[in-house]
Amino acid sequence: MENKINWNFDNSYSRLSDAFKEHIKPVAVKNPELVIINESLAKELDLDLTKINKDKLSSLFTGNTLPEGSNTIAQAYAGHQFGHFTMLGDGRAILIGEHITNSNKRYDIQLKGSGKTSFSRNGDGRAALGPMLREYIVSEAMHNLNIPSTRSLAVAKTGEKIMRDTLLEGAILTRVALSHIRVGTFQYIAARDKKDELELLLNYVINRHYPKLVNSKNKALDLLINLMNKQIDLVVNWMRVGFIHGVMNTDNMSISGETIDYGPCAFMDTYDPKTVFSSIDHMGRYAYCNQPIVTKWNLSRFAECIIPMIDENQKKAIEMATEIINTFEKNYEEKWLEMMKKKLGLLGNHSTDKTLILDLLTWMHQKKADYTNTFCHLMNLDTKTEKIYEEMEFIYWKERWQKRLSTEKKLPKKNLELMKNSNPLVVPRNHKVEKVLNDANENNLEPINRFIKVLDQPFANQKGIEEYQKPSYSNEKYQTFCGT
Ligand code: AMP
Ligand code: MG
(Lines give C-alpha, C1' and ligand atoms only; values in the text may rest on other atoms or scores of the structure.)
(Ligands and ions follow the chains in the order given, each with its own letter.)
Protein backbone atom coordinates (compact mmCIF):
# COMPACT_ATOMS: atom_id res chain seq x y z
CA MET A 1 0.00 0.00 0.00
CA GLU A 2 1.23 3.46 -0.84
CA ASN A 3 2.19 5.34 2.26
CA LYS A 4 -0.48 8.04 2.04
CA ILE A 5 -1.24 7.51 5.69
CA ASN A 6 2.10 8.72 7.01
CA TRP A 7 3.11 5.49 8.70
CA ASN A 8 6.60 5.76 10.09
CA PHE A 9 7.75 2.39 11.38
CA ASP A 10 10.88 1.57 13.32
CA ASN A 11 10.47 -1.93 14.72
CA SER A 12 12.99 -2.09 17.52
CA TYR A 13 11.40 -4.99 19.44
CA SER A 14 11.40 -7.22 16.37
CA ARG A 15 15.16 -6.68 16.10
CA LEU A 16 15.74 -8.14 19.57
CA SER A 17 16.72 -11.77 20.10
CA ASP A 18 14.50 -14.40 18.45
CA ALA A 19 13.80 -15.73 21.92
CA PHE A 20 11.40 -12.82 22.41
CA LYS A 21 8.95 -13.45 19.56
CA GLU A 22 7.75 -15.33 16.55
CA HIS A 23 7.75 -13.73 13.10
CA ILE A 24 4.27 -14.30 11.72
CA LYS A 25 1.73 -12.60 9.47
CA PRO A 26 -1.93 -12.00 10.32
CA VAL A 27 -4.22 -14.63 8.80
CA ALA A 28 -6.23 -13.08 5.97
CA VAL A 29 -9.93 -12.59 6.63
CA LYS A 30 -12.84 -13.16 4.28
CA ASN A 31 -14.73 -9.93 4.16
CA PRO A 32 -13.18 -6.98 6.02
CA GLU A 33 -15.54 -4.21 7.05
CA LEU A 34 -14.56 -1.23 9.15
CA VAL A 35 -16.98 -0.65 12.03
CA ILE A 36 -15.44 2.18 13.97
CA ILE A 37 -12.40 4.39 13.62
CA ASN A 38 -10.82 6.76 16.10
CA GLU A 39 -10.10 9.89 14.14
CA SER A 40 -8.81 11.93 17.05
CA LEU A 41 -6.33 9.20 18.01
CA ALA A 42 -5.24 8.97 14.36
CA LYS A 43 -4.52 12.70 14.50
CA GLU A 44 -2.52 12.33 17.72
CA LEU A 45 -0.46 9.68 15.94
CA ASP A 46 0.00 11.99 12.93
CA LEU A 47 -1.76 9.46 10.72
CA ASP A 48 -3.85 10.76 7.86
CA LEU A 49 -6.72 8.38 7.18
CA THR A 50 -8.64 10.79 4.97
CA LYS A 51 -6.91 9.98 1.69
CA ILE A 52 -7.86 6.32 1.46
CA ASN A 53 -11.30 4.86 0.98
CA LYS A 54 -13.27 2.68 3.40
CA ASP A 55 -12.42 -0.58 1.58
CA LYS A 56 -8.73 0.08 1.93
CA LEU A 57 -9.12 1.07 5.58
CA SER A 58 -11.09 -2.14 6.20
CA SER A 59 -8.35 -4.15 4.59
CA LEU A 60 -5.68 -2.34 6.60
CA PHE A 61 -7.39 -2.69 9.99
CA THR A 62 -7.96 -6.43 9.56
CA GLY A 63 -4.39 -7.11 8.49
CA ASN A 64 -5.34 -8.12 4.94
CA THR A 65 -2.93 -5.48 3.72
CA LEU A 66 0.13 -4.61 5.71
CA PRO A 67 1.54 -1.11 5.83
CA GLU A 68 4.90 -0.40 4.30
CA GLY A 69 7.64 -0.67 6.91
CA SER A 70 5.75 -3.08 9.16
CA ASN A 71 7.39 -6.22 10.54
CA THR A 72 4.77 -8.49 12.03
CA ILE A 73 5.47 -10.52 15.15
CA ALA A 74 3.71 -12.34 17.98
CA GLN A 75 5.37 -11.61 21.33
CA ALA A 76 6.36 -14.31 23.78
CA TYR A 77 5.42 -13.94 27.45
CA ALA A 78 4.44 -15.91 30.50
CA GLY A 79 2.29 -14.96 33.46
CA HIS A 80 0.74 -15.82 36.77
CA GLN A 81 -2.93 -16.34 36.02
CA PHE A 82 -4.95 -16.31 39.24
CA GLY A 83 -1.68 -17.12 40.99
CA HIS A 84 -0.59 -20.00 38.71
CA PHE A 85 2.43 -19.70 36.45
CA THR A 86 1.66 -20.34 32.75
CA MET A 87 3.43 -19.95 29.41
CA LEU A 88 1.31 -17.64 27.27
CA GLY A 89 2.34 -15.25 24.48
CA ASP A 90 0.25 -13.44 21.87
CA GLY A 91 -2.25 -16.15 21.07
CA ARG A 92 -4.45 -13.94 18.96
CA ALA A 93 -2.61 -10.66 18.55
CA ILE A 94 0.06 -9.57 16.12
CA LEU A 95 2.28 -6.56 16.51
CA ILE A 96 2.34 -4.74 13.18
CA GLY A 97 5.18 -2.49 14.19
CA GLU A 98 6.24 0.57 16.15
CA HIS A 99 4.98 3.80 14.67
CA ILE A 100 6.96 6.97 15.39
CA THR A 101 5.00 10.22 15.45
CA ASN A 102 6.26 13.54 14.15
CA SER A 103 7.23 14.49 17.70
CA ASN A 104 9.25 11.28 18.00
CA LYS A 105 6.88 9.33 20.24
CA ARG A 106 6.91 5.55 19.76
CA TYR A 107 3.71 3.48 19.75
CA ASP A 108 3.04 -0.21 19.22
CA ILE A 109 0.36 -0.85 16.62
CA GLN A 110 -1.18 -4.26 17.26
CA LEU A 111 -4.00 -6.22 15.68
CA LYS A 112 -5.98 -8.22 18.24
CA GLY A 113 -8.00 -11.15 16.92
CA SER A 114 -5.86 -11.60 13.83
CA GLY A 115 -5.51 -15.40 13.73
CA LYS A 116 -3.54 -18.21 15.29
CA THR A 117 0.09 -17.95 16.30
CA SER A 118 2.43 -20.51 17.82
CA PHE A 119 1.20 -19.27 21.23
CA SER A 120 -2.50 -19.91 20.54
CA ARG A 121 -2.67 -23.22 22.46
CA ASN A 122 -6.30 -24.34 22.00
CA GLY A 123 -7.64 -20.95 20.96
CA ASP A 124 -8.81 -20.05 17.46
CA GLY A 125 -6.80 -16.82 17.38
CA ARG A 126 -9.96 -14.83 16.79
CA ALA A 127 -12.07 -12.32 18.70
CA ALA A 128 -15.75 -11.45 18.64
CA LEU A 129 -17.21 -8.07 17.69
CA GLY A 130 -18.82 -7.41 21.12
CA PRO A 131 -15.66 -7.75 23.25
CA MET A 132 -13.54 -5.77 20.76
CA LEU A 133 -16.04 -2.88 20.76
CA ARG A 134 -16.19 -3.17 24.55
CA GLU A 135 -12.40 -2.75 24.73
CA TYR A 136 -12.68 0.23 22.37
CA ILE A 137 -15.31 1.94 24.56
CA VAL A 138 -13.65 1.30 27.92
CA SER A 139 -10.02 1.93 26.92
CA GLU A 140 -10.92 5.24 25.30
CA ALA A 141 -13.06 6.15 28.32
CA MET A 142 -10.11 5.42 30.62
CA HIS A 143 -7.86 7.65 28.54
CA ASN A 144 -10.40 10.46 28.79
CA LEU A 145 -10.62 9.93 32.56
CA ASN A 146 -6.90 10.83 32.59
CA ILE A 147 -5.81 7.28 33.31
CA PRO A 148 -2.86 5.78 31.40
CA SER A 149 -4.27 3.18 29.05
CA THR A 150 -3.69 1.35 25.82
CA ARG A 151 -5.83 3.00 23.13
CA SER A 152 -8.12 1.76 20.40
CA LEU A 153 -7.62 2.99 16.85
CA ALA A 154 -10.19 0.88 15.00
CA VAL A 155 -12.49 -2.11 15.06
CA ALA A 156 -13.22 -3.98 11.84
CA LYS A 157 -15.37 -7.05 11.22
CA THR A 158 -13.75 -10.03 9.55
CA GLY A 159 -16.87 -11.24 7.75
CA GLU A 160 -16.30 -14.63 9.39
CA LYS A 161 -18.34 -16.22 12.16
CA ILE A 162 -16.52 -17.53 15.19
CA MET A 163 -17.67 -20.24 17.56
CA ARG A 164 -18.14 -19.35 21.20
CA ASP A 165 -21.28 -20.38 23.16
CA THR A 166 -23.05 -19.43 19.97
CA LEU A 167 -21.84 -18.29 16.55
CA LEU A 168 -20.62 -14.72 16.77
CA GLU A 169 -19.41 -12.09 14.37
CA GLY A 170 -15.58 -12.04 14.20
CA ALA A 171 -13.71 -8.73 14.56
CA ILE A 172 -10.25 -7.27 14.98
CA LEU A 173 -9.24 -4.40 17.25
CA THR A 174 -6.28 -2.18 16.42
CA ARG A 175 -4.65 -1.53 19.77
CA VAL A 176 -2.14 1.26 20.32
CA ALA A 177 0.21 1.05 23.30
CA LEU A 178 3.43 2.59 24.57
CA SER A 179 4.54 -1.04 24.30
CA HIS A 180 3.14 -4.49 24.98
CA ILE A 181 5.97 -5.47 27.33
CA ARG A 182 4.50 -6.94 30.48
CA VAL A 183 5.65 -8.24 33.84
CA GLY A 184 4.97 -11.57 32.11
CA THR A 185 7.58 -10.74 29.44
CA PHE A 186 10.22 -10.59 32.19
CA GLN A 187 8.85 -13.81 33.66
CA TYR A 188 9.17 -15.55 30.30
CA ILE A 189 12.77 -14.45 29.80
CA ALA A 190 13.72 -15.10 33.44
CA ALA A 191 12.38 -18.66 33.13
CA ARG A 192 14.80 -19.27 30.25
CA ASP A 193 17.62 -18.64 32.71
CA LYS A 194 19.90 -16.77 30.32
CA LYS A 195 21.34 -13.69 31.93
CA ASP A 196 22.29 -12.06 28.62
CA GLU A 197 18.67 -12.17 27.43
CA LEU A 198 17.44 -10.72 30.71
CA GLU A 199 19.97 -7.92 30.46
CA LEU A 200 18.95 -7.26 26.87
CA LEU A 201 15.31 -6.93 27.97
CA LEU A 202 16.17 -4.74 30.95
CA ASN A 203 18.25 -2.35 28.86
CA TYR A 204 15.62 -2.29 26.14
CA VAL A 205 12.88 -1.40 28.64
CA ILE A 206 14.99 1.30 30.24
CA ASN A 207 15.84 2.88 26.89
CA ARG A 208 12.26 2.78 25.74
CA HIS A 209 10.27 3.59 28.87
CA TYR A 210 12.60 4.85 31.59
CA PRO A 211 15.37 6.70 29.69
CA LYS A 212 16.29 8.73 32.76
CA LEU A 213 17.68 5.49 34.23
CA VAL A 214 20.22 4.83 31.47
CA ASN A 215 23.10 5.99 33.60
CA SER A 216 21.77 4.56 36.82
CA LYS A 217 24.23 2.66 39.02
CA ASN A 218 21.71 -0.10 39.70
CA LYS A 219 19.36 -0.16 36.72
CA ALA A 220 17.40 -3.20 37.87
CA LEU A 221 16.69 -1.83 41.32
CA ASP A 222 15.81 1.61 39.98
CA LEU A 223 13.50 0.04 37.43
CA LEU A 224 11.71 -1.76 40.26
CA ILE A 225 11.28 1.52 42.15
CA ASN A 226 10.03 3.35 39.06
CA LEU A 227 7.69 0.58 37.99
CA MET A 228 6.28 0.39 41.50
CA ASN A 229 5.57 4.12 41.52
CA LYS A 230 3.91 3.93 38.10
CA GLN A 231 1.73 0.99 39.11
CA ILE A 232 0.71 2.67 42.37
CA ASP A 233 -0.33 5.78 40.45
CA LEU A 234 -2.28 3.55 38.09
CA VAL A 235 -4.17 1.57 40.71
CA VAL A 236 -4.94 4.77 42.66
CA ASN A 237 -6.47 6.11 39.47
CA TRP A 238 -8.58 2.96 39.10
CA MET A 239 -9.80 3.37 42.67
CA ARG A 240 -10.63 7.02 41.94
CA VAL A 241 -13.18 6.17 39.25
CA GLY A 242 -14.40 2.81 40.58
CA PHE A 243 -12.72 0.77 37.85
CA ILE A 244 -12.32 -2.95 38.41
CA HIS A 245 -9.79 -4.48 36.05
CA GLY A 246 -11.02 -8.00 36.69
CA VAL A 247 -8.00 -9.98 35.49
CA MET A 248 -4.87 -8.57 37.06
CA ASN A 249 -2.67 -11.46 36.04
CA THR A 250 1.02 -10.60 35.71
CA ASP A 251 0.73 -10.89 31.91
CA ASN A 252 -1.84 -8.09 32.08
CA MET A 253 0.43 -5.66 33.91
CA SER A 254 2.25 -3.38 31.49
CA ILE A 255 5.82 -2.28 32.14
CA SER A 256 4.98 1.15 30.76
CA GLY A 257 2.28 1.63 33.42
CA GLU A 258 -0.72 1.65 31.09
CA THR A 259 -3.96 -0.15 31.85
CA ILE A 260 -3.95 -3.16 29.53
CA ASP A 261 -6.38 -5.97 28.73
CA TYR A 262 -10.02 -5.01 28.86
CA GLY A 263 -11.54 -8.48 29.13
CA PRO A 264 -13.72 -8.78 32.22
CA CYS A 265 -13.29 -5.21 33.50
CA ALA A 266 -16.26 -3.12 34.66
CA PHE A 267 -17.14 0.00 36.60
CA MET A 268 -18.61 -0.26 40.08
CA ASP A 269 -21.92 1.53 40.52
CA THR A 270 -23.11 0.80 44.07
CA TYR A 271 -20.17 1.34 46.40
CA ASP A 272 -19.01 -2.00 47.77
CA PRO A 273 -15.29 -2.66 48.22
CA LYS A 274 -15.79 -6.37 47.56
CA THR A 275 -17.31 -5.81 44.14
CA VAL A 276 -16.22 -8.34 41.54
CA PHE A 277 -17.81 -8.84 38.14
CA SER A 278 -15.70 -11.52 36.46
CA SER A 279 -17.54 -14.81 36.04
CA ILE A 280 -14.38 -16.82 36.76
CA ASP A 281 -13.16 -14.85 39.79
CA HIS A 282 -14.91 -16.99 42.40
CA MET A 283 -12.59 -16.06 45.26
CA GLY A 284 -12.75 -12.31 44.61
CA ARG A 285 -8.98 -12.23 44.04
CA TYR A 286 -9.37 -9.22 41.76
CA ALA A 287 -12.20 -7.45 43.65
CA TYR A 288 -12.16 -3.62 43.85
CA CYS A 289 -10.54 -3.45 47.30
CA ASN A 290 -7.95 -6.14 46.47
CA GLN A 291 -6.47 -4.28 43.51
CA PRO A 292 -3.65 -2.58 45.46
CA ILE A 293 -2.79 -5.89 47.18
CA VAL A 294 -2.59 -7.68 43.84
CA THR A 295 -0.51 -4.86 42.38
CA LYS A 296 2.01 -5.45 45.15
CA TRP A 297 1.89 -9.23 44.59
CA ASN A 298 2.54 -8.74 40.86
CA LEU A 299 5.42 -6.36 41.57
CA SER A 300 6.96 -9.00 43.82
CA ARG A 301 6.83 -11.45 40.90
CA PHE A 302 8.58 -8.80 38.80
CA ALA A 303 11.24 -8.29 41.47
CA GLU A 304 11.95 -12.04 41.50
CA CYS A 305 12.75 -11.94 37.77
CA ILE A 306 15.38 -9.24 38.08
CA ILE A 307 17.14 -10.49 41.23
CA PRO A 308 20.24 -11.68 39.29
CA MET A 309 20.69 -8.15 37.95
CA ILE A 310 20.26 -6.34 41.26
CA ASP A 311 23.33 -7.85 42.85
CA GLU A 312 25.62 -10.82 42.21
CA ASN A 313 25.10 -11.83 45.81
CA GLN A 314 21.63 -13.34 45.68
CA LYS A 315 20.91 -12.90 49.37
CA LYS A 316 21.85 -9.24 49.20
CA ALA A 317 19.78 -8.75 46.02
CA ILE A 318 16.71 -10.28 47.66
CA GLU A 319 17.13 -8.04 50.68
CA MET A 320 17.42 -4.95 48.50
CA ALA A 321 14.33 -5.84 46.47
CA THR A 322 12.32 -6.74 49.57
CA GLU A 323 13.14 -3.41 51.13
CA ILE A 324 11.66 -1.65 48.10
CA ILE A 325 8.57 -3.87 47.93
CA ASN A 326 7.97 -3.27 51.64
CA THR A 327 7.49 0.44 50.99
CA PHE A 328 4.46 -0.34 48.83
CA GLU A 329 1.75 0.05 51.50
CA LYS A 330 2.96 3.38 52.83
CA ASN A 331 3.46 4.74 49.36
CA TYR A 332 0.04 3.52 48.21
CA GLU A 333 -1.78 4.84 51.27
CA GLU A 334 -0.28 8.29 50.89
CA LYS A 335 -1.22 8.49 47.23
CA TRP A 336 -4.68 7.06 47.87
CA LEU A 337 -5.31 9.65 50.60
CA GLU A 338 -4.16 12.46 48.31
CA MET A 339 -6.50 11.19 45.60
CA MET A 340 -9.51 10.90 47.94
CA LYS A 341 -8.82 14.37 49.31
CA LYS A 342 -8.95 15.74 45.78
CA LYS A 343 -12.28 14.00 45.26
CA LEU A 344 -13.55 15.98 48.25
CA GLY A 345 -11.77 19.19 47.24
CA LEU A 346 -9.50 19.17 50.29
CA LEU A 347 -6.19 20.96 50.23
CA GLY A 348 -3.66 20.98 53.06
CA ASN A 349 -3.33 18.26 55.68
CA HIS A 350 -5.63 17.80 58.64
CA SER A 351 -5.25 14.95 61.06
CA THR A 352 -8.97 14.15 60.68
CA ASP A 353 -8.95 13.91 56.86
CA LYS A 354 -8.60 10.15 56.69
CA THR A 355 -11.45 9.58 59.17
CA LEU A 356 -13.65 11.99 57.26
CA ILE A 357 -13.03 10.04 54.05
CA LEU A 358 -13.46 6.60 55.64
CA ASP A 359 -16.72 7.69 57.28
CA LEU A 360 -18.11 8.74 53.93
CA LEU A 361 -17.08 5.43 52.35
CA THR A 362 -18.59 3.44 55.22
CA TRP A 363 -21.84 5.35 54.85
CA MET A 364 -21.84 4.80 51.07
CA HIS A 365 -21.28 1.10 51.58
CA GLN A 366 -24.07 0.77 54.16
CA LYS A 367 -26.54 2.76 52.10
CA LYS A 368 -25.51 1.20 48.78
CA ALA A 369 -24.87 4.67 47.38
CA ASP A 370 -23.74 5.04 43.78
CA TYR A 371 -19.99 5.67 43.72
CA THR A 372 -19.88 8.16 40.82
CA ASN A 373 -23.11 9.95 41.63
CA THR A 374 -22.29 10.55 45.30
CA PHE A 375 -19.36 12.73 44.29
CA CYS A 376 -21.54 14.44 41.66
CA HIS A 377 -23.98 15.18 44.47
CA LEU A 378 -21.19 16.73 46.55
CA MET A 379 -20.33 18.99 43.60
CA ASN A 380 -24.03 19.94 43.29
CA LEU A 381 -24.00 18.36 39.87
CA ASP A 382 -26.51 15.57 40.29
CA THR A 383 -29.49 15.60 38.02
CA LYS A 384 -31.94 14.33 40.61
CA THR A 385 -31.24 14.27 44.35
CA GLU A 386 -31.69 10.73 45.62
CA LYS A 387 -33.55 10.23 48.91
CA ILE A 388 -30.48 8.81 50.68
CA TYR A 389 -28.70 12.15 50.45
CA GLU A 390 -31.47 13.69 52.58
CA GLU A 391 -30.82 11.31 55.49
CA MET A 392 -29.57 12.86 58.73
CA GLU A 393 -26.46 10.70 58.93
CA PHE A 394 -25.30 11.98 55.56
CA ILE A 395 -26.26 15.56 56.37
CA TYR A 396 -24.16 15.39 59.57
CA TRP A 397 -21.23 14.05 57.57
CA LYS A 398 -21.67 16.84 55.02
CA GLU A 399 -21.56 19.41 57.83
CA ARG A 400 -18.24 17.99 59.03
CA TRP A 401 -16.93 18.09 55.47
CA GLN A 402 -18.08 21.66 54.93
CA LYS A 403 -16.53 22.70 58.21
CA ARG A 404 -13.26 21.18 57.07
CA LEU A 405 -13.59 22.97 53.72
CA SER A 406 -14.23 26.26 55.50
CA THR A 407 -10.73 26.09 56.98
CA GLU A 408 -9.64 26.75 53.39
CA LYS A 409 -12.15 29.47 52.77
CA LYS A 410 -9.75 31.59 50.86
CA LEU A 411 -9.76 29.16 48.01
CA PRO A 412 -13.32 27.90 47.40
CA LYS A 413 -12.85 28.02 43.62
CA LYS A 414 -9.72 25.94 43.84
CA ASN A 415 -11.51 23.35 46.01
CA LEU A 416 -14.28 22.92 43.48
CA GLU A 417 -11.79 22.82 40.64
CA LEU A 418 -9.97 19.95 42.37
CA MET A 419 -13.23 18.05 42.67
CA LYS A 420 -14.22 18.72 39.09
CA ASN A 421 -10.92 17.40 37.80
CA SER A 422 -11.13 14.24 39.90
CA ASN A 423 -14.78 13.23 39.80
CA PRO A 424 -16.24 12.18 36.46
CA LEU A 425 -19.88 12.97 35.74
CA VAL A 426 -20.10 9.98 33.48
CA VAL A 427 -18.33 6.60 33.27
CA PRO A 428 -19.10 3.64 31.00
CA ARG A 429 -21.80 2.11 33.13
CA ASN A 430 -22.26 -1.59 32.63
CA HIS A 431 -25.89 -1.51 31.56
CA LYS A 432 -25.18 1.17 28.97
CA VAL A 433 -22.15 -0.70 27.64
CA GLU A 434 -24.28 -3.82 27.19
CA LYS A 435 -27.07 -1.89 25.52
CA VAL A 436 -24.87 -0.21 22.91
CA LEU A 437 -23.04 -3.47 22.20
CA ASN A 438 -26.35 -5.25 21.57
CA ASP A 439 -27.36 -2.48 19.20
CA ALA A 440 -24.00 -2.66 17.44
CA ASN A 441 -24.39 -6.43 17.03
CA GLU A 442 -27.62 -5.68 15.23
CA ASN A 443 -25.83 -3.22 12.96
CA ASN A 444 -27.16 -0.13 14.71
CA LEU A 445 -24.04 1.92 15.39
CA GLU A 446 -25.70 5.19 16.32
CA PRO A 447 -25.95 4.40 20.09
CA ILE A 448 -22.28 3.32 20.43
CA ASN A 449 -21.06 6.37 18.56
CA ARG A 450 -23.14 8.67 20.76
CA PHE A 451 -21.95 6.88 23.91
CA ILE A 452 -18.30 7.24 22.86
CA LYS A 453 -18.88 10.94 22.24
CA VAL A 454 -20.36 11.44 25.71
CA LEU A 455 -17.45 9.52 27.27
CA ASP A 456 -15.00 11.79 25.44
CA GLN A 457 -15.62 14.50 28.05
CA PRO A 458 -16.38 12.81 31.36
CA PHE A 459 -15.61 15.90 33.45
CA ALA A 460 -17.75 18.31 31.45
CA ASN A 461 -21.29 19.21 32.44
CA GLN A 462 -22.77 18.08 29.11
CA LYS A 463 -26.43 18.57 28.27
CA GLY A 464 -28.73 15.58 27.85
CA ILE A 465 -26.53 12.92 29.44
CA GLU A 466 -28.89 11.88 32.26
CA GLU A 467 -29.49 8.45 30.75
CA TYR A 468 -25.74 7.74 30.98
CA GLN A 469 -25.60 8.81 34.61
CA LYS A 470 -28.30 6.49 35.89
CA PRO A 471 -27.15 3.38 37.70
CA SER A 472 -28.61 0.09 36.58
CA TYR A 473 -31.86 -0.64 38.38
CA SER A 474 -31.74 -4.30 37.48
CA ASN A 475 -31.25 -6.60 40.45
CA GLU A 476 -29.46 -9.14 38.34
CA LYS A 477 -25.78 -9.33 39.18
CA TYR A 478 -23.71 -8.00 36.31
CA GLN A 479 -21.20 -10.57 35.03
CA THR A 480 -18.21 -10.10 32.80
CA PHE A 481 -16.21 -12.65 30.83
CA CYS A 482 -12.62 -12.95 29.69
CA GLY A 483 -12.77 -11.33 26.27
CA THR A 484 -13.07 -14.20 23.82
P1 AMP B 1 -6.22 -12.67 28.17
O2 AMP B 1 -7.25 -13.29 29.06
O3 AMP B 1 -6.81 -11.84 27.05
O4 AMP B 1 -5.15 -11.96 28.91
O5 AMP B 1 -5.52 -13.87 27.41
C6 AMP B 1 -4.71 -14.81 28.02
C7 AMP B 1 -3.98 -15.59 26.98
O8 AMP B 1 -4.90 -16.35 26.19
C9 AMP B 1 -3.14 -14.76 26.04
O10 AMP B 1 -1.98 -15.49 25.77
C11 AMP B 1 -4.02 -14.68 24.82
O12 AMP B 1 -3.28 -14.47 23.66
C13 AMP B 1 -4.69 -16.04 24.82
N14 AMP B 1 -5.99 -16.07 24.14
C15 AMP B 1 -7.17 -15.51 24.56
N16 AMP B 1 -8.14 -15.77 23.67
C17 AMP B 1 -7.59 -16.47 22.66
C18 AMP B 1 -8.08 -17.03 21.44
N19 AMP B 1 -9.36 -16.91 21.05
N20 AMP B 1 -7.20 -17.69 20.66
C21 AMP B 1 -5.93 -17.83 21.01
N22 AMP B 1 -5.40 -17.34 22.13
C23 AMP B 1 -6.21 -16.66 22.95
MG1 MG C 1 -3.95 -10.51 28.38
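This report concerns the structure included in the present document. Computed from a prediction, not measured in an experiment: that's the story for all the values here.

### What to know about the pattern of salt bridges
Next up, step 1: Evaluated as defined, the whole model comprises 33 salt bridges.
Next up, step 2: Between R106 and E98 there is a salt bridge, and its shortest N-O distance comes to 2.6 Å.
Next up, step 3: Connected via shared salt-bridge partners are D10, R15, E98, R106, D108 and R208.

### A look at the coordination of the magnesium ion (ligand 2)
Next up, step 1: Taken together, N252 (OD1) and D261 (OD) make up the full set of protein donors to the magnesium ion (ligand 2), lying 2.0 to 2.2 Å away. Accessibility assignment for this pair places N252 and D261 in one class, buried.

### Concerning helix α11 (residues 371–378)
Next up, step 1: Along α11, 8 of the 8 residues are buried, which leaves the element largely enclosed by surrounding structure.
Next up, step 2: For α11, the complete set of buried residues consists of Y371, T372, N373, T374, F375, C376, H377 and L378.
Next up, step 3: One or two residues past the end of α11 sits N380, with phi positive at roughly 60°.

### Points about the site of ligand 1
Next up, step 1: The immediate surroundings of ligand 1 are formed by 17 residues, with G89, G91, D124, G125 and D261 found nearest.
Next up, step 2: The separation between an oxygen atom of ligand 1 and a polar side-chain atom of N252 is 3.3 Å.
Next up, step 3: Separating an oxygen atom of ligand 1 from a side-chain N or O atom of D261 is a distance of 2.7 Å.
Next up, step 4: Considered on its own, ligand 1 offers 480 Å² of accessible surface; in the complex 85% of this is hidden by protein.
Next up, step 5: Of the residues contributing to the shell around ligand 1, the split by class is 2 nonpolar, 7 polar and 8 charged.

### Some thoughts on the pairing of strand β8 (residues 151–163)
Next up, step 1: Inspection of the sheet shows strand β2 (residues 33–37) paired to β8 by 4 bridges, in the antiparallel sense. Bridge assignment links I36 to a residue of β8, and that residue is V155.
Next up, step 2: In terms of strand pairing, β8 meets strand β9 (residues 167–177) through 9 bridges, oriented antiparallel. Looking across to β9, one finds that K157 is bridged to A171.
Next up, step 3: The turn joining β8 and β9, which pair antiparallel and follow one another in sequence, is formed by 3 residues.

Rules used in this analysis
Residues numbered from 1 in each chain as written. Chains lettered and ligands numbered in written order. Predicted model: local features only at pLDDT ≥ 70, side-chain atom pairs only at ≥ 80, totals over all residues. Heavy atoms only, no water. Salt bridge = Lys/Arg side-chain N within 4 Å of Asp/Glu carboxyl O. Donors = N, O, S within 2.8 Å, 3.2 Å for Na, K, Ca; no water. Buried < 20%, exposed > 50% of the residue type's maximum accessible area, 1.4 Å probe, protein only. Helix = DSSP H or I, 4+ residues; strand = E, 2+ residues; numbered from the N terminus. Near = heavy atom within 4 Å. Polar contact = N/O pair within 3.5 Å; in protein donor to acceptor, adjacent residues only side chain to side chain. Areas by Shrake-Rupley, 256 points an atom, 1.4 Å probe, with all protein chains shown as cover. Nonpolar A, V, L, I, M, F, W, Y, C, P; charged D, E, K, R; others polar. Pairing = 2+ DSSP bridges.

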